[in-house]
Amino acid sequence: MHLRFLSILTLFLCLNYVGQGPLAVYGETWTNPTEIVSENDDRIALSPAEEEWLAAHPQINIAGPRSFPPFYFLNGNDELQGISADYIKRISKRLGIAINVIKNLPWQEVLDKAQAGEIDLIACLAKIKERESYLHYSSPYLSFPLVIISKKDASFIGGIEDLHNKKLALIKKNVTVGWLKNDGIDFIFHEVQTPLKGLEAVSYGNADASIENLATASYLIQKQGLTNLKVAAPTPYGNYNLYMAVPKNMEILGSIIDKTIASISPKQATDIRNKWLTVRYEHGLRVQDIVKWVMLTLLISGVLILVMIIWNNKLQVEMKQRILATSALKESEERLRTLINTMPDLVCFKDGQGNWLESNNINIKLFQLDHVDYRGKTSETLAQHTPFFKELLIKNAQKDEMAWVSGKGVRGDERITLPDGTSRLFDVIRTVTFHSDGRRKGLVWVGRDITDKSKMEQRLQQSQKFEAIGTLAGGIAHDFNNLLMAIQGRASLIQMDIDPSHEHAGHLRAVSSYVRSATDLTGQLLGLARSGKYEVVPTDINTLLQESIDMFGRTRKELAIHTRFAPTAPVAEVDINQIKQALLNLYINAWQAMPEGGELYLESRETDLNEKFCKPHQITHGKYVKISITDTGVGMEKKVQQQIFDPFFTTKEKGRGTGLGLASAYGIIRNHAGVITVYSEAGEGTTFNIYLPRSGKVAKDETVVMSQPIKGNETILLVDDEEMILEVGEEMLKKLDYQVLVANGGIEGIQMFKAHHKKIDLVILDLIMSDLGGEAVFEMIREIRPDAVIMLASGYSVNGQAAALMDKGCNEFIQKPFDLIELSKKIRHLLDNIAKPQK
């Protein structure tokens, strides 16, 4: 006991004595190696050739590292700052020349531009042999020692020898890396991109140390508040010198720069440096101090150390090692447990008999095992505490057995009903673990909830399916509308020439009725293609609903219709005809679901949709108008609901449905930036909910009726590449007493407009043409005459290309097929409301 006390006391005194000697930290100051003239002498002795060069070059281009604080960097206002920048400003002032700073160039590009003669001066760089072939260096004007940076509480580092087996944060191409390797320092390389990243790696404990020049280290430590860092020791690699450099062929400028740098006085140089660097540095013992005081300590306590060595017997050493091993094992287990508990996946460990060994927190909470001692119990035993495990046992037993027998991982999707009654889809992986001798040890069960991901994938697949079918449907609708245009036009022309009492007048009215029915069908196709929105106006949704249900209800007397509308009429910007078409499709679907009659409920109200609801539907959260259509019909099973909006899907017998109605309604609502959902139970009826973005505009009254065409006498150019459209269009325009020019295709249309542009009052332009598209023709016509009045005509609706043309200033749009009255109305609206060009 006395020996133990004496040895401890002696060591304490030795260490205390050493701590008061040379172990105390000490400071160093920096020196600037530049030779400088008198502080009061601002004149620079330039040769005549140098004076002549300056006169011929009143401005020079400079560049430097993109971000190299505190030497050369841009602040938050994109202003050049730093020690080198202040030197450059003094050089500019003394020489009386302007400086053009080229900013934000990658370092290699700076060197390339200097080599190409596009940069006159590089503000700061280190001297490397390979650059001397194309650069002329100035004398070094800044010099700082390279030092080792470590955390304040890090183990002792007195020089580079102490960096063995340490993790160093260094830039990959830094010359220090090569120096350390040449000196045989076996360190662990931790690559960083910038000096700041290196210092942060040390501060955050990701690296043991970094090597950096003192100026950069001091500035960044102070600027970034890395208060847990210190300068541990100097390095044997001397000072980090910075130079200015000019291209090799501009050595006269290099001579001028050297003389100017030399004219900066020591006081001025110190003022510049102290402006950016105000910290001194501290490091630990120098090598000679370590040797001196270690030897002193050994002399004083040699005998006591020998006694302590004998006293520390083998048993105590083994005891210590065992304690350390146990502590390390516990730490390792704790890290593993923390890792597993932070995982978002369900994790469970079982032994070969199916007993639960461990489970992570999310698994315990989800399966309500918080207050159950589950360890050492099978799922069957746990079912006595939590009924949920009865279903889980049946589903999992066979798959667990398959994984155990095969000895390989088994993976698959499993839908699991949770204790709260909800059902979720999991991606489950079962992996067998083994003993060192190859025997099976246990089973690891990992489940990832992929319910939301699966729903998103299903919606994406549905969206892609709609897009493909929509493209086809849009093309068919376009060609079909062109054909209907020819039929409708001919019928309109004949109707104007015969008396309403003529025996064929009824046939013509029937033809027009059939064309309208066919147009409704193309409207369905355009809705399916999400291309049916072409006359959007702010609309009173209550009025629209009332008009649509009144029209439908007049022919469906077996239905009891109930309405409940929002007290304040909600307004949405919609294509009235297309929304009516979508509503009619839903009414018909409800009617067909109630073959014996029933009740139909129609409701409107204003609502706010949050981001959680909107994100899966890919719409913007905010204010919406909600329309609900509910029937008391036969309802639908879940499987049918998943396909209800698919094109050509129908549960009706042949002849009672095409499978386009609900698909078209879906496309129309989605094209209005809205969403439609369905809820149904077999035998309990169905509810469709429509959400349309609410508008703050005033609803527009669209009750304009015209029974007779309006004529005129202006000149109109008709451009189309369909012969039948040109023929019927020309006849219709002539019937309205207009002067008509006809162009077959876009190229002929441009040629004809060039020849007659002074007398043309209106151009009716097709969108899709084989030789030159409508958009190109539109732009070329506006180049010839910017005030040209242009009306777009197309079998497509005003979406896509047509919408782009309308945004560019196209004056009007008319949807094919159109009759004589509609055409005359559009033409007169344009010609009477838009200023005519001077002829």
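Residues numbered from 1 in each chain as written. Predicted model: local features only at pLDDT ≥ 70, side-chain atom pairs only at ≥ 80, totals over all residues. Heavy atoms only, no water.

A. Quick look at the overall build of the protein. A count of helices and strands for the protein gives 26 helices and 28 strands. The 839 residues of the protein split such that 44% are buried. When the accessible surface of the protein is totalled, it reaches about 44,800 Å², and 53% of it is carbon and sulfur. (Helix = DSSP H or I, 4+ residues; strand = E, 2+ residues; numbered from the N terminus. Buried < 20%, exposed > 50% of the residue type's maximum accessible area, 1.4 Å probe, protein only. Areas by Shrake-Rupley, 256 points an atom, 1.4 Å probe, with all protein chains shown as cover.)

B. Structural view of the pattern of salt bridges. In the structure shown here, the tally under the stated rule is 26 salt bridges. Here Glu-118 makes a salt bridge to Lys-113, at a shortest N to O gap of 3.0 Å. Its salt-bridge partner being Arg-694, residue Glu-606 comes within 3.2 Å of it at the nearest N-O pair. With Glu-606 in strand E20 (residues 598-609) and Arg-694 in the loop between strand E23 (686-693) and strand E24 (715-720), this pair connects stretches of sequence that are 88 residues apart. (Salt bridge = Lys/Arg side-chain N within 4 Å of Asp/Glu carboxyl O.)

C. Summary view of the sheet that holds E20. Taken in spatial order, the 5 strands line up as E18-E20-E21-E23-E22 in an open sheet, and their pairing is mixed. The sheet terminates laterally at strand E18 (559-564) and strand E22 (675-680), the two strands that pair on one side only. When strand polarity is set aside, the average angle formed by the axes of neighbouring strands in this sheet is 20°. Note: E22 against E23, 6 bridges, orientation antiparallel. (Pairing = 2+ DSSP bridges. Axes fitted to C-alpha atoms, helices over the stretch in contact; angles between N-to-C directions.)

D. Representation of the packing of aromatic side chains in the model. Throughout the structure, instances matching the rule amount to 8 aromatic pairs. Ring geometry for Tyr-137 against Tyr-243: centres 5.6 Å apart, planes inclined by 85°, an arrangement best described as edge-to-face. Placement of the pair is Tyr-137 in strand E6 (residues 135-137) and Tyr-243 in strand E11 (residues 229-247), with a sequence separation of 106 residues. Comparing Tyr-137 with Tyr-243 shows no difference in burial state: the two are buried. Put simply, the rings of Phe-73, Tyr-219 and Trp-276 touch in pairs and so form one group of aromatic residues. Of note, Arg-556 hangs over the ring of Trp-591, and the distance from its end group to the ring centre comes to 4.4 Å. (Phe/Tyr/Trp six-rings, centres within 6.5 Å; stacked < 30°, edge-to-face > 60°. Lys NZ or Arg CZ within 6 Å of the ring centre and 35° of its normal.)

E. Structural view of the sheet that holds strand E25 (residues 739-744). Spatially, E25-E24-E26-E27-E28 is the arrangement adopted by the 5 strands of the open sheet, whose pairing is parallel. On the outer flanks of this sheet lie E25 and strand E28 (812-815), each paired with one strand and no other. Taken pair by pair, the neighbouring strands of this sheet meet at an average axis angle of 20°, ignoring direction. Judged from the 4 bridges that link them, E24 and strand E26 (residues 762-766) form a sheet pairing that is parallel. Its bridge partner being in E26, Leu-718 is matched across the sheet by Ile-764. Seen against the sheet, helix H26 (residues 820-833) touches E24, E26, strand E27 (790-794) and E28 and runs at an angle of roughly 180° to E28. (Contact = heavy atoms within 4.5 Å.)

F. Quick look at the confidence of the model for the protein. Confidence in the prediction of the protein, expressed as mean pLDDT, is 79, and 77% of residues score 70 or more. Across residues 279-287, confidence stays below pLDDT 50; counting only partners more than four residues off in sequence or on other chains, it has 31 contacts. (pLDDT = per-residue confidence, 0-100.)

G. Just the packing of helix H22 (residues 723-735) against H26, in detail. Taken N-terminus to C-terminus, the directions of H22 and H26 make an angle of 65°; their axes are 11 Å apart at the nearest point. Viewed along their axes, H22 and H26 adopt a mutual orientation that is roughly perpendicular. Crossing of H22 against H26: the hand is right-handed. On H26, the residues that touch Met-732, Leu-733 and Lys-735 of H22 are Leu-820, Leu-823 and Ile-827. The residue inventory of the contact of H22 with H26, partitioned by class, reads 5 nonpolar, no polar and 1 charged. (Parallel < 35°, antiparallel > 145°, perpendicular 65-115°, else oblique. Left-handed = near helix turned anticlockwise from the far one by under 90°. Nonpolar A, V, L, I, M, F, W, Y, C, P; charged D, E, K, R; others polar.)

H. The arrangement of the packing of helix H2 (residues 48-56) against helix H8 (residues 251-262) in detail. One can describe the packing of H2 onto H8 by two numbers: an axis separation of 10 Å at closest approach and a directional angle of 100°. One element, H2, and the other, H8, form an angle in the roughly perpendicular class. Contacts between H2 and H8 pair Ala-49, Glu-50, Trp-53 and Leu-54 from the former with Ile-252, Leu-253, Ser-255, Ile-256 and Lys-259 from the latter. The residue inventory of the contact of H2 with H8, partitioned by class, reads 6 nonpolar, 1 polar and 2 charged.

I. Quick look at helix H24 (residues 774-784). Residues Gly-774, Val-777, Phe-778, Ile-781 and Arg-782 constitute the buried set of H24. Projection of H24 onto a plane perpendicular to its axis shows the buried side chains occupying an angular sector of 130°, all on one side. (Arc of directions from axis to C-beta.)

J. Summary view of the side chain of Asn-542. Its location among the elements puts Asn-542 in helix H17 (residues 541-553). The contacts of Asn-542, once residues within four sequence positions are left out, are Phe-565, Ala-566, Ala-569, Pro-570 and Ser-604.

K. Highlighting unusual backbone geometry. The amide bond that connects Pro-69 to the next residue, Pro-70, takes the cis arrangement and shows omega of 5°. With respect to the helices and strands, Pro-70 occurs in the loop between strand E1 (59-63) and strand E2 (73-74). Pro-817 follows Lys-816 through a cis peptide bond whose omega is 0°. A positive phi angle is found at Asp-78, which is not glycine, with a value near 65°. Examined against the element boundaries, Asp-78 turns out to sit in the loop between E2 and strand E3 (80-81). A positive phi angle, near 60°, is found at Gln-618, a position not held by glycine. Residue placement: Gln-618 occurs in the loop between helix H19 (611-617) and strand E21 (622-631).

L. Representation of the pairing of E22 in the model. The buried fraction of E22 is high, at 5 of 6 residues. Between the antiparallel neighbours E22 and E23 lie 5 residues, among them Gly-683 with a positive phi of about 80°.

M. Structural view of the pairing of E25. With 6 bridges connecting them, E24 and E25 associate as parallel partners. Bridged to Leu-718 within E25 is Val-742. Between E24 and its parallel partner E25, the chain crosses via H22, and the hand of that crossover is right-handed. (Right-handed = clockwise from strand over helix to strand, strands pointing away.)

N. Main features of the environment of Lys-455. Mapped onto the fold, Lys-455 is located in helix H15 (residues 451-497). For Lys-455, a relative accessible area of 41% gives the class partly exposed. Taking C-alpha positions, Lys-455 is 8.2 Å from Pro-616, a pair spaced 161 residues apart along the chain.

O. The arrangement of helix H7 (residues 214-224) in detail. With 8 of its 11 residues buried, H7 lies for the most part within the structure. Where H7 is concerned, the buried positions are Leu-214, Ala-215, Thr-216, Ala-217, Ser-218, Tyr-219, Leu-220 and Ile-221. Its buried side turned inward, H7 meets E2, strand E7 (142-151), helix H6 (195-203), strand E10 (209-213), E11 and helix H9 (266-276). Of the residues one or two after H7, Gly-225 is the one with positive phi, at around 70°.

P. The arrangement of the environment of Gln-581 in detail. Locating Gln-581 in the fold gives a position in helix H18 (residues 576-592). Overall, Gln-581 belongs to the buried group, its relative accessible area being 14%. Through-space distance from the C-alpha of Gln-581 to that of Ile-668 is 8.8 Å; in sequence the pair is 87 residues apart.

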